[in-house]
Amino acid sequence: SAKRQGRNHSLRFRPALDQQDNPQLALVSDLRAALVAGDQLELFYQSQHHPATGALTGMEALIRWRHPRDGMISPGDFIPLAERHGLMAELGSWVVEKACAQQAHWQNTAMPDTTVWVNISALQLFQGDLESQLAGCLKRYHLMPSQIGLELTESVLLDERAGDMGPRLETLRGLGFPLAIDDFGTGYSSLGYLKRLPVDKVKLDRAFIRELPDSVADAAIVKAVLAMAEGMGLSVVAEGVETQVQRQFLIDAGCESVQGFYFSRPLPVTELEARWLTEAQPQVETAQMQQAM
Ligand code: C2E
Ligand code: MG
Ligand code: MG
Ligand code: MG
């Protein structure tokens, strides 16, 4: 838009002044530099688990920005800036590329096989050439589309600027990528859209998990969503599971996948590998320990 170009224009020609005036603009120009440098951005991964057995059911890629001066900045603080200042396409494609490279690497290690889920911003769907980027990644990294899942927030899917998202999603799903609705239950949605959109999974927002099992309303909502999803052939991931009682509620309610601090925080790759490469081979580890003793 003219407005956005105007902003870029003034940023380019009057950086010092703008940055003094507006710390957010300083952050935008830092982010632009970070995208060029590459080494301040990193993907963490948070595991998803079968609530009863703890078995791995998926990994979600979550971006982190280690700002050289301000320390770790959370995506909630810079993704909206990237969107507003025309950096989201580039940031989004960095994430897709990085997550695919990581999944390809894990295919050659003893990491358990699982889908890596990537968060996709509205702007990547509206503007970008997401399909061809993904197709390119599959080819270059020798991945199957089932190995890369796409998470779209409910608000993206219902965004009026998006028009009818159905066809875009049909294309992505036609290519074989699993699709999930993120933060399910927080938008101003009618349930009717679930019927129209070709998705495989809903991620139940942590707002509904937080007060389990005490909140009668949340307990009812969670059970209803699980029943509805089952009836529609969708799977459900419960987000934000932090406690044993929440976990137990979800086991009893028949939820097959959970994500949250109870099982694991989002972790840098090295920590994730340390955890899963060891847990995947308990016998080997025991044998080595016995040899050592
Ligand atoms: P999200 O996709 O719904 O991701 C889940 C968020 O909940 C993550 O926050 C995660 O760290 C946090 N979380 C996980 N388990 C728990 C828990 O048990 N308790 C609590 N209180 N929080 C938990 P994070 O990493 O700060 O990301 C925030 C949001 O930023 C994400 O929400 C997603 O919408 C967006 N985001 C993150 N990475 C990316 C990315 O690579 N691309 C895009 N477009 N958006 C991203
Ligand atoms: Mg996960
Ligand atoms: Mg997500
Ligand atoms: Mg979410």
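Residues numbered from 1 in each chain as written. Chains lettered and ligands numbered in written order. Predicted model: local features only at pLDDT ≥ 70, side-chain atom pairs only at ≥ 80, totals over all residues. Heavy atoms only, no water.

Asker: Is there a simple way to think about the coordination of the magnesium ion (ligand 3) in this case?
Answerer: By definition of the ideal shapes, four donors in a tetrahedron about a metal sit 109.5 degrees apart, and six donors in an octahedron sit 90 or 180 degrees apart. Of the protein atoms, only Glu60 (OE), Asn119 (OD1), Glu151 (OE) and Asp182 (OD) coordinate the magnesium ion (ligand 3), at distances of 2.0 to 2.2 Å. Read in sequence order, the donor residues for the magnesium ion (ligand 3) give the motif E-x58-N-x31-E-x30-D. Separating the magnesium ion (ligand 3) from the magnesium ion (ligand 4) is a gap of 4.3 Å, bridged by Asp182, which donates to each. Residue Asn119 is found in strand β4 (residues 116–120), and its partner Asp182 is found in strand β6 (residues 179–184); the two are separated by 63 residues along the sequence. (Donors = N, O, S within 2.8 Å, 3.2 Å for Na, K, Ca; no water. Helix = DSSP H or I, 4+ residues; strand = E, 2+ residues; numbered from the N terminus.)

Asker: Would you take a moment to explain the side chain of Gln246 for this structure?
Answerer: Inspection of the secondary structure assignment puts Gln246 in helix α12 (residues 244–252). Here the side chain of Gln246 touches Glu242 through a polar contact of 2.7 Å, landing on its backbone nitrogen. Those residues within four positions of Gln246 in sequence are excluded, and the remaining contacts are Ile209, Arg210, Leu212, Gly240 and Val241. (Polar contact = N/O pair within 3.5 Å; in protein donor to acceptor, adjacent residues only side chain to side chain. Contact = heavy atoms within 4.5 Å.)

Asker: Sorry if this is basic, but what is going on with the coordination of the magnesium ion (ligand 4) here?
Answerer: Within the protein, the magnesium ion (ligand 4) binds to Asp182 (OD), Asp183 (OD), Glu239 (OE) and Glu239 (OE); these donor distances fall in the range 2.0 to 2.5 Å. The sequence motif formed by the donor residues of the magnesium ion (ligand 4) is D-D-x55-E.

Asker: So what exactly am I meant to see when it comes to the side chain of Gln46 here?
Answerer: Of note, Gln46 is situated in strand β1 (residues 41–49). Beyond its immediate chain neighbours, meaning those up to four positions away, Gln46 contacts Gly58, Met59, Glu60, Leu62, Gln259, Gly260, Phe261, Ser264, Arg265 and Pro266.

Asker: Just to check I follow, could you spell out the site of ligand 1 for this structure?
Answerer: Taken together, 22 residues sit near ligand 1, with Arg64, Asn119, Asp182, Glu242 and Phe261 positioned nearest. A distance of 3.1 Å is found between a nitrogen atom of ligand 1 and a backbone nitrogen or oxygen belonging to Ile63. Asn119 places a polar side-chain atom, nitrogen or oxygen, 2.9 Å from an oxygen atom of ligand 1. Burial of ligand 1 by the surrounding chains reaches 83%, relative to a free accessible area of 800 Å². (Near = heavy atom within 4 Å. Areas by Shrake-Rupley, 256 points an atom, 1.4 Å probe, with all protein chains shown as cover.)

Asker: Help me understand the environment of Val36 in this model?
Answerer: Counting through the fold element by element, Val36 comes out in helix α3 (residues 23–37). Residues Val36 and Glu90, 54 residues apart in the sequence, show an inter-C-alpha distance of 9.9 Å.

Asker: Teacher, can you tell me more about the packing of helix α5 (residues 88–107) against helix α7 (residues 130–141) here?
Answerer: Two packed helices can be described by the angle between their axes and the distance between those axes. Relative to each other, α5 and α7 sit at 25 degrees, their axes nearing to 10 Å. Relative to α7, the element α5 lies roughly parallel. At the point where α5 passes α7, the crossing takes the right-handed sense. Residues Ser93, Val96, Glu97, Cys100, Ala101 and Ala104 of α5 pack against Leu130, Gln133, Leu134, Cys137, Arg140 and Tyr141 of α7. Its residues placed into classes, the contact of α5 with α7 shows eight nonpolar, two polar and two charged. (Axes fitted to C-alpha atoms, helices over the stretch in contact; angles between N-to-C directions. Parallel < 35°, antiparallel > 145°, perpendicular 65-115°, else oblique. Left-handed = near helix turned anticlockwise from the far one by under 90°. Nonpolar A, V, L, I, M, F, W, Y, C, P; charged D, E, K, R; others polar.)

Asker: What am I meant to see in the pairing of strand β7 (residues 201–204) here?
Answerer: Every regular strand shows the same layout, with side chains that alternate between the two sheet faces. The side-chain alternation of β7 yields two buried faces, one formed by Lys201 and Lys203 and the other by Val202 and Leu204. With three bridges joining them, β6 and β7 adopt parallel strand pairing. The residue bridging Phe184 from the neighbouring strand is Leu204, located in β7. Relative to strand β8 (residues 235–238), β7 runs parallel, the two sharing four bridges. Among the inter-strand pairings, Val202 is bridged to a residue of β8, identified as Val236. Following the chain from β7 across helix α11 (residues 216–232) to the adjacent parallel β8, one finds a crossover that is right-handed. (Buried < 20%, exposed > 50% of the residue type's maximum accessible area, 1.4 Å probe, protein only. Pairing = 2+ DSSP bridges. Right-handed = clockwise from strand over helix to strand, strands pointing away.)

Asker: Before we go on, may I ask you to explain the pattern of salt bridges in this structure?
Answerer: One side chain can pair with another of opposite charge once the charged atoms of both are near each other. Throughout the structure, instances matching the rule amount to eight salt bridges. Between Glu42 and Arg66 there is a salt bridge, with the nearest N and O atoms lying 2.9 Å from each other. Linking Glu42 in strand β1 with Arg66 in strand β2 (residues 56–67), this pair joins segments that are 24 residues apart in sequence. What makes Arg66 partly exposed here is its relative accessible area of 39%. (Salt bridge = Lys/Arg side-chain N within 4 Å of Asp/Glu carboxyl O.)

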